[in-house]
Amino acid sequence: MISEKMAEALNKQINAELYSWYLYLAMAAHFEDQNFTGTAKWLKLQANEEMGHAMKFFQYLNDVDKKVQLSKIDAPPEKLGNHTEVFEQVVKHELLITKNINDLADLAVAEKDHATGNFLIWFVNEQVEEVAAAKQIFEKIKMVNNVPGGFFMIDRELGMRA
Ligand code: FEO
């Protein structure tokens, strides 16, 4: 059995993952609107992953007999910039989510909650990958920032995401 405090923190993380889903969906719509379909595809796939993350927390709470409490999802930003600005935001957002996951892992240790600690290991590893992937894209985008047609090259590459 996990504590009420832990259940509350995990429910909060469901909201953070759903916000991530919403944020990446908004970014996808932003690039669809400019016909950067490859970038939009990458972001839609990323949004799907975020929904998957939310559902892992959802399932875990069910498994440990705690109620899933869904709360309001904040609206994503109305204004989004070019590739450089958006992917800088993606990196920042993933670093924030990494902090959330680390805080949850700290709480599990503090509460000697081995089940939740073990459950969170997958997310600790996933965040390493997510931050690395986002940073790699951001670094590439910075390289072509002032190259004519640079964003179209990036768009083609991002569109290759399977
Ligand atoms: Fe669910 Fe991108 O962290």
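The structure under discussion appears in the preceding block.
This structure is a prediction, so every number in the text was calculated from the model and none was measured.

Caption draft 1: Looking closely at the pattern of salt bridges. Enumeration according to the criterion identifies 6 salt bridges in this entry. For the salt bridge of Lys44 with Glu32, the shortest nitrogen-to-oxygen distance reads 2.7 Å. Highlighted residues: Lys44 in helix 2 (residues 37-63) and Glu32 in helix 1 (residues 4-32), separated in sequence by 12 residues. By relative accessible area, which is 37% here, Lys44 ends up partly exposed. As a salt-bridge pair, Lys142 and Glu139 come within 3.3 Å of each other at their nearest N and O atoms. Of this pair, Lys142 and Glu139 are both found in helix 4 (residues 114-144), 3 residues apart, which corresponds to roughly one turn of the helix. Overall, Lys142 belongs to the partly exposed group, its relative accessible area being 40%. The class for Glu139 is partly exposed, based on a relative accessible area of 42%.

Caption draft 2: Looking closely at the nonpolar core. Formed by 24 residues in total, the largest nonpolar core has its most connected members in Tyr24, Met27, Leu43, Val86, Phe87 and Val90. Mapped by element, the contributors of at least two residues to this core are helix 1, helix 2, helix 3 (83-110), helix 4 and helix 5 (150-158). A per-element tally of this core places helix 1 first, with 6 residues. Leaving out residues up to four positions away in the same chain, Val86 has contacts with Met27, His30, Phe31, Leu80 and Gly81. One finds Met6, Phe57, Val64 and Ala108 within the second-largest nonpolar core, a separate group that totals 21 residues.

Caption draft 3: Structural context of the packing of aromatic side chains. Under the defined criterion, the tally for this structure stands at 9 aromatic pairs. The structure contains a cluster of three or more aromatic residues connected by ring pairs, namely Phe57, Tyr60, Phe119, Trp122 and Phe123. Here Lys56 stacks its cationic end above the ring of Trp122, 4.2 Å away from the centre of that ring.

Caption draft 4: Spotlight on the environment of Phe152. Of note, Phe152 is situated in helix 5. Overall, Phe152 belongs to the exposed group, its relative accessible area being 52%. On a C-alpha basis, the gap between Phe152 and Gly38 in space is 8.9 Å, while along the polypeptide they are 114 residues apart.

Caption draft 5: Up close: the side chain of Glu126. Structurally, Glu126 is set in helix 4. We note that Glu126 is buried and unpaired, the nearest opposite charge coming from Arg161 at a distance of 7.2 Å. Beyond its immediate stretch of four places on either side in the chain, Glu126 contacts Glu49 and His53.

Thresholds, definitions, all that
- Within any chain, residue numbers begin from 1 and follow the written order of that chain's sequence.
- The predicted origin of the model limits local features to residues at a pLDDT of at least 70 and limits the giving and counting of side-chain atom pairs to 80 or more, whereas totals for whole chains, interfaces and linings rest on all residues.
- Based on all heavy atoms of the structure, the side-chain values leave hydrogens and waters out of the count.
- The salt bridge criterion pairs a side-chain nitrogen of Lys or Arg with a carboxyl oxygen of Asp or Glu, the two atoms within 4 Å.
- Helix and strand labels come from DSSP, where a helix needs a run of H or I of at least four residues and a strand needs a run of E of at least two; each type is numbered from the N terminus.
- Using a 1.4 Å probe on the protein chains alone, a residue whose accessible area is under 20% of its type maximum counts as buried, one over 50% counts as exposed, and one in between counts as partly exposed.
- The term nonpolar core refers to a set of buried residues drawn from Ala, Val, Leu, Ile, Met, Phe, Trp, Tyr and Cys, joined through side-chain atoms within 4.5 Å.
- Whether two residues touch is decided by their heavy atoms; if any such pair falls within 4.5 Å, the residues are in contact.
- In summary, the pairing rule links any two rings of Phe, Tyr or Trp, Trp by its six-membered ring, whose centres are within 6.5 Å, and it sorts them by plane angle into stacked for under 30 degrees, edge-to-face for over 60 and tilted for everything else.
- The rule for a charge over a ring is simple: NZ of Lys or CZ of Arg within 6 Å of the ring centre, and within 35 degrees of the ring normal.
- We treat Lys and Arg as the positive residues and Asp and Glu as the negative residues; His and chain ends play no part in the count.

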